[in-house]
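Below are the chains, spelled out letter by letter.
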Amino acid sequence: MKITGKTKIVGIFGYPIEHTFSPLMHNAAFSALGLDYCYIPFEVQPEDLKSAVEGIRALNIRGINITVPHKEAVIKYLDELSKEAKLIGAVNTIENKGGKLIGHNTDGRGFIKSLWDDAKTRVKGKRVLLLGAGGAGKGIAVSCALEGASEITIANRTIKKADELVGYLKRNFKKTKFSVIPLDGHEIAKGIAGADILINATSIGLKGKGLLPISQKDLHRDLVIYDLIYNPQITPLLKIAGRAGVKKAVNGLGMLIHQGALAFQIWTGKKPPVDVMKKAVL
Ligand code: ATR
């Protein structure tokens, strides 16, 4: 990559930031299309977020991804929000449109695209069992509702958090049926029996640690399983799915790639080279 006076700068704000795959993924995509862009990681501490966002304008940075812990806090510094970002209440991509900063959320659509790309599954009319009611869970729930899921059941360890999320969803989406169950073995097994798609948006299984209250016998072969975790690539949930003969079970790498691809498209206006981005991450 040759940086010149004409190179356009994009990047990511997060803390910590050293584990991010995004620079690899985006710089590979810019190279592949011969675009004069460079993607840089910025370590931004929470107390510096405001100045960092002002810096986007001051330095004419063309676009910024936002990651942990800034996705919600950044909203108050932006000029406009996309419909998804507003509904999810979190931003992962900023577009600098001639000095106007627009907040997008490509995580949700990235998930929907990956579900189609990697598991040939659409959410419309489906019954979804979603594990987790944190930041990631909210994004997935909103996206599934936007896509027209018929039912969304949310299971969470802290019931109050799931109740609050379902209350919010009910106010915003009238066509989907929402309910809450506790994240424990007995209820989950029943929930799975009545679901078409099972999504893990908890951090259980991250780095191979922790076990979801799900056993092999709870799973059915036609259930579609999506684990947002991709480290390890064969997550504990995917291991059980394999033993149960589940036909479609995928990890969250595709969501990571597609959220990046959508950000790339917002910034450059070009069709993202998804295969190149995937290869860079792998
Ligand atoms: P993220 O942005 O990744 O969603 P988060 O907002 O902290 O992170 O949410 C983490 C999710 O994983 C929550 O649903 C959390 O459950 P609680 O709401 O009860 O905290 C869930 N989670 C994390 N560790 C867990 C554990 N050991 N057992 C059960 N659920 C867990």
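Residues numbered from 1 in each chain as written. Predicted model: local features only at pLDDT ≥ 70, side-chain atom pairs only at ≥ 80, totals over all residues. Heavy atoms only, no water.

Q: Even after reading the chapter, I still don't get helix H9 (residues 253-268), so can you show me in this structure?
A: Since the α-helix packs 3.6 residues into each turn, any two residues three or four apart lie on the same face. In this model H9 runs 22 Å from its N-terminal to its C-terminal C-alpha over 16 residues, within 8% of the 22 Å that 1.5 Å per residue would give. Across the 16 residues of H9, 14 count as buried, placing the element largely inside the fold. (Helix = DSSP H or I, 4+ residues; strand = E, 2+ residues; numbered from the N terminus. Expected span 1.5 Å × (residues − 1). Buried < 20%, exposed > 50% of the residue type's maximum accessible area, 1.4 Å probe, protein only.)

Q: Looking at this structure, I do not really get the pairing of strand S11 (residues 224-227). What am I missing?
A: Neither face of S11 is left uncovered, since the one carrying Val 224 and Tyr 226 and the one carrying Ile 225 and Asp 227 both have all their residues buried. The pairing of strand S10 (residues 197-200) with S11 spans 4 bridges and is classified as parallel. Residue pairing for S11: Ile 197 is matched across the bridge by Val 224. Examined bridge by bridge, S11 and strand S12 (residues 248-250) share 3 bridges and lie parallel to one another. Across the sheet, Val 224 pairs through a bridge with Lys 248, a residue of S12. Once you follow S11 into helix H8 (residues 236-243) and on to S12, the crossover reads as right-handed. (Pairing = 2+ DSSP bridges. Right-handed = clockwise from strand over helix to strand, strands pointing away.)

Q: Help me out: how do you make sense of the sheet that holds strand S8 (residues 151-156) in this one?
A: Whether parallel or antiparallel, the strands of a sheet pair through hydrogen bonds between backbone atoms. Reading across from one edge, S9-S8-S7-S10-S11-S12 is the order of the 6 strands in this open sheet, with parallel pairing throughout. Single-partner strands in this sheet number two, and they are strand S9 (177-182) and S12. Each neighbouring strand pair of the sheet contributes to a mean axis angle of 15 degrees, computed without reference to strand direction. (Axes fitted to C-alpha atoms, helices over the stretch in contact; angles between N-to-C directions.)

Q: Would you mind showing me how to read the site of the ligand here?
A: Around the ligand there are 13 residues in total, and Gly 135, Ala 136, Asn 156, Thr 158 and Lys 161 lie nearest to it. Measuring from an oxygen atom of the ligand, one finds a side-chain N or O atom of Lys 161 at 2.8 Å. With respect to the ligand, the backbone of Ser 203 contributes an N or O atom lying 3.3 Å from an oxygen atom. If the ligand stood free it would expose 640 Å²; the protein chains cover 64% of that surface. (Near = heavy atom within 4 Å. Polar contact = N/O pair within 3.5 Å; in protein donor to acceptor, adjacent residues only side chain to side chain. Areas by Shrake-Rupley, 256 points an atom, 1.4 Å probe, with all protein chains shown as cover.)

Q: Help me out: how do you make sense of the packing of aromatic side chains in this one?
A: To describe a pair of aromatic rings, one takes the distance between the centres and the angle between the planes. With the rule as written, the count across this model stands at 6 aromatic pairs. Considering the side-chain rings of Phe 21 and Tyr 230, the 6.3 Å spacing of their centres and the 50 degrees angle between planes classify their relative orientation as tilted. Linking Phe 21 in the loop between strand S1 (8-14) and helix H1 (22-33) with Tyr 230 in the loop between S11 and H8, this pair joins segments that are 209 residues apart in sequence. Both rings, one in Phe 30 and one in Phe 264, keep their centres 5.2 Å apart while their planes meet at 25 degrees; by these two values the pair is stacked. Taken as a pair, Phe 30 in helix H1 and Phe 264 in helix H9 lie far apart in primary sequence, 234 residues in all. In this structure Phe 30 comes out as buried when scored by relative accessible area, which is 1%. Three or more aromatic residues link up through ring pairs in this structure, and these residues are Phe 30, Tyr 37 and Phe 264. The ring of Trp 116 carries Arg 122 above its face, with NZ or CZ at 3.8 Å from the centroid. Positioned over the ring face of Tyr 168 is Lys 138, at 4.5 Å from the centre of the ring. (Phe/Tyr/Trp six-rings, centres within 6.5 Å; stacked < 30°, edge-to-face > 60°. Lys NZ or Arg CZ within 6 Å of the ring centre and 35° of its normal.)

Q: Looking at this structure, I do not really get the pairing of strand S6 (residues 100-104). What am I missing?
A: The buried fraction of S6 amounts to 4 of the 5 residues, a majority that puts the element mostly inside the structure. Bridge count for strand S4 (residues 80-81) against S6 is 2 bridges, and the pairing is parallel. The residue of S6 that forms the bridge with Leu 81 is Gly 103. Direction of pairing for strand S5 (residues 93-97) relative to S6: antiparallel, over a ladder of 5 bridges. In the strand pairing of S6, Ile 94 is matched with Gly 103. Hairpin remark: S5 followed by S6, antiparallel, with 2 residues in the connecting loop; positive phi at Gly 98, about 60 degrees.

Q: Explain the pattern of salt bridges to me, please; I cannot follow it from the model alone.
A: Side-chain pairing between opposite charges can occur once the charged atoms of the two side chains come close. In total, this model carries 10 salt bridges according to the counting rule given. Residue Glu 54 is joined to Lys 50 by a salt bridge in which the shortest nitrogen-to-oxygen separation is 3.5 Å. Of this pair, Glu 54 and Lys 50 both sit in helix H2 (residues 49-58), separated by 4 residues, roughly a single helical turn. The exposure class assigned to Glu 54 is partly exposed, which follows from its relative accessible area of 42%. You can call Lys 50 partly exposed: its relative accessible area is 44%. Here Arg 109 and Glu 84 are joined by a salt bridge, their closest N and O atoms 3.3 Å apart. (Salt bridge = Lys/Arg side-chain N within 4 Å of Asp/Glu carboxyl O.)

Q: Help me out: how do you make sense of the sheet that holds S1 in this one?
A: Read across the sheet, 6 strands follow the order S2-S1-S3-S5-S6-S4 without closing on themselves; strand pairing throughout is mixed. What marks the edges here is a single partner per strand, and that holds for strand S2 (37-43) and S4. When strand S3 (residues 63-66) meets S5, the two strands line up antiparallel, connected through 3 bridges. The residue of S5 that forms the bridge with Ile 64 is Ile 94. Packing of H1 onto the sheet brings it into contact with S1, S2 and S3, and relative to S2 it is tilted by some 170 degrees. Packing of H2 onto the sheet brings it into contact with S1, S3, S5 and S6, and relative to S1 it is tilted by some 170 degrees. (Contact = heavy atoms within 4.5 Å.)

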